[in-house]
Structure formats: structure tokens, C-alpha cells
2 protein chains.
Amino acid sequence: MGLTKTEIFSKEQNELALLLKAIAHPARIAILQQIISAKACICGDLVEELGLAQATISQHLKELKNAGIIQGTIEGVKVCYCIEPGTWNRLQKLFGDFMGSYVDPNGCC
Amino acid sequence: MGLTKTEIFSKEQNELALLLKAIAHPARIAILQQIISAKACICGDLVEELGLAQATISQHLKELKNAGIIQGTIEGVKVCYCIEPGTWNRLQKLFGDFMGSYVDPNGCC
DNA sequence: ATTACTTATCGTAATATTGCGATATAAGAT
DNA sequence: ATCTTATATCGCAATATTACGATAAGTAAT
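As a starting point, this report considers the structure included with it. Keep in mind that what you see is a predicted model, and the values were worked out from it rather than measured. (Residues numbered from 1 in each chain as written. Chains lettered and ligands numbered in written order. Predicted model: local features only at pLDDT ≥ 70, side-chain atom pairs only at ≥ 80, totals over all residues.)

## Quick notes on helix H2 (residues 26-37) of chain B
Piece 1. With twelve residues, H2 of chain B should cover 16 Å at 1.5 Å per step; its first-to-last C-alpha distance of 16 Å lies within 8% of that length.
Piece 2. Among all positions in H2 of chain B, only Pro-26, Ala-27, Arg-28, Ile-29, Ala-30, Ile-31, Leu-32 and Ile-35 of chain B are buried. (Helix = DSSP H or I, 4+ residues; strand = E, 2+ residues; numbered from the N terminus. Expected span 1.5 Å × (residues − 1). Buried ≥ 20, exposed ≤ 12 C-beta atoms within 10 Å, placed from the backbone.)

## Overview of the interface of chain B and chain A
Piece 1. Each partner contributes residues to the interface: chain B has 38 residues there, and chain A has 38 residues.
Piece 2. Sorting the residues of the side of chain B that touches chain A by element identifies helix H1 (11-23), H2, strand E1 (70-75), strand E2 (78-83) and helix H5 (85-100) of chain B as the ones contributing at least two each.
Piece 3. Examining the composition of the side of chain B that touches chain A, we find that seven residues originate from one element, H1 of chain B, more than from any other.
Piece 4. Among the residues forming the side of chain B that touches chain A, the class breakdown is 25 nonpolar, nine polar and four charged. (Contact = placed C-beta atoms within 7 Å. Nonpolar A, V, L, I, M, F, W, Y, C, P; charged D, E, K, R; others polar.)

## Brief notes about the packing of H1 of chain B against H5 of chain B
All names here are of chain B.
Piece 1. Contact pair H1 / H5: the axes reach a minimum separation of 10 Å and the direction vectors enclose 115°. If you check the angle between H1 and H5, you find them roughly perpendicular. At the point where H1 passes H5, the crossing takes the left-handed sense. Counted together, Glu-12, Glu-15, Leu-16 and Leu-19 of H1 and Leu-91, Leu-94, Phe-95 and Phe-98 of H5 form the full contact between these two elements.
Piece 2. When grouped by side-chain class, the residues that make up the contact of H1 with H5 number six nonpolar, no polar and two charged. (Axes fitted to C-alpha atoms, helices over the stretch in contact; angles between N-to-C directions. Parallel < 35°, antiparallel > 145°, perpendicular 65-115°, else oblique. Left-handed = near helix turned anticlockwise from the far one by under 90°.)

## Considering the relation of the copies chain B and chain A
Piece 1. For the pair chain B and chain A, the best superposition has an RMSD of 0.0 Å and corresponds to a rotation of 180° with a translation of 0.0 Å parallel to the axis. The superposition operator between the copies reduces to a two-fold rotation axis.
Piece 2. Same-surface contact between copies: 100% of interface residues of chain B are shared with the interface of chain A. (Least-squares fit on C-alpha atoms with pLDDT ≥ 70 in both.)

Right, here's the structure in full:
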């Protein structure tokens, strides 16, 4: 096998899983933190900042873009990446709802 | 290759990535939702609720347990699973800090 | 047009994940 | 002791991910 049975699950379950999966990698977390902290959007300074090969960074950026979490704009030779606010908010809501549905029953098993 | 270069990243980046990775699967999201909604902790009713084989569910539970997100207590023949509140809170904080560090600069590139 | 620079893509190797049948383990009931 | 039930583990096949060197594709400057 090796393929997730998405048919079985709800749209929201799949959506949240996809968004989380895109973020669930230390390199992609680091990339997002860089993009956020360099208020204006940075480009391929990422290759220098993190210690990964250019091809690897480019691949991670592609995954974040595919998930809709970031957006890339061509600016001459460089490409400027920034957060896609819509997806960011959507993820915050989905994850917040999910995590918030749990209240510690203090003492269970 | 195929192995993540964890040495390069901070402890918190790796920690958050590991926790998110454990959750970033629709089946595991569904499992957690079941555990939460069946206030007292449920057991292998999960196999019936979700449409996955017993071996598959057991494997997903193992991953959630390894990540410290749930906890299993043996109760006779059955095993009772419930959320591990410490990890849950930790994840909420890490993710909240991460997501909250972004403020829409409205208009970037 | 040639050069320099930035980013994307291709191909590949190593490893991880997903799912499941089969089987093992363990506890309760008969 | 044997049977039943519940869960875990093993082994396997299919697929996905991670990382990178090599190379392509695009733009800017000379």
C-alpha cells in the first residue's frame, strides 16, 4: 500500500492533515520563521541562513506553495516569498477548533 | 538520503515538527477526535468507527503514543487510551507561538 | 551574444510511511 | 486447560519523503 485512504475521512480532517503535514518538518518551520521575521519577504537568503542545499530549499518552498501556505512573486532575478494570509488564518481556525475541543477531564484512566 | 538533518535545527523547531507530524494524518486526527468526544477514554471501538484494519489502527495509536500525545492504560483485556494533557498543552503553546508570530503586513509582494 | 546570477527541475539514493494479513501475546471466561 | 476476545507485532508491498548534485531556464548586466 503506502497511500492514505482519504475517501474514508471528512473534508476537514483531510484539509487539516494536509496543512499540518506541510508544516511538520523542521526545515519548513525554519523557512516560515525566516519569512515571517524578515518582515518584507525574503528570497533565497534562506539557502545561506539554513544549512541546506539550494535544491533542497527550493523543494521545501514548493511544498509550502502547493499547500497554499506561502506565495511566491517573481522580482527580476529573485523570487519573493511571503505568507498567504488566507491559508494561515484557515489553519489557525482548523487547528484551534481541533485542539480546543479537548478539555482536561482531570483524571481519566 | 531520506533522513532529516535534525542537527541543523533548534530543539523547539524539531519538537514542534515531531508533534505536528504525529497529528498530520487524517486517520490520527479522526482517532484523536474520537478519544476526545468519548469523554471517558475509549479503546478499540476505533476499529469499528473508522474504516481501517485493526493492525492499522494499532499502528497509528503507537505513533501517537510515541509522540507522547496519548497515553494507554491496560484495563483487563482492553486498553484505554486518552489524551496526555501535558503534551497537548505543550503543543498548543508551541504552535500558538509559532502561528502568532505572524501578523499580516497587508501588502507585501 | 556572452556572462553572471537566481531559482526550478530532473534524476537518483536512502529512508520513512501507510496499510494490511497473519500471527503472537495477554487477560478473562468456561 | 481451553476458548474467546482484545491488542500488539511481524513481514511485506506500494508509495512518499528527504536530500543533493547536475543541469535547465530565466533575467540583468556587460
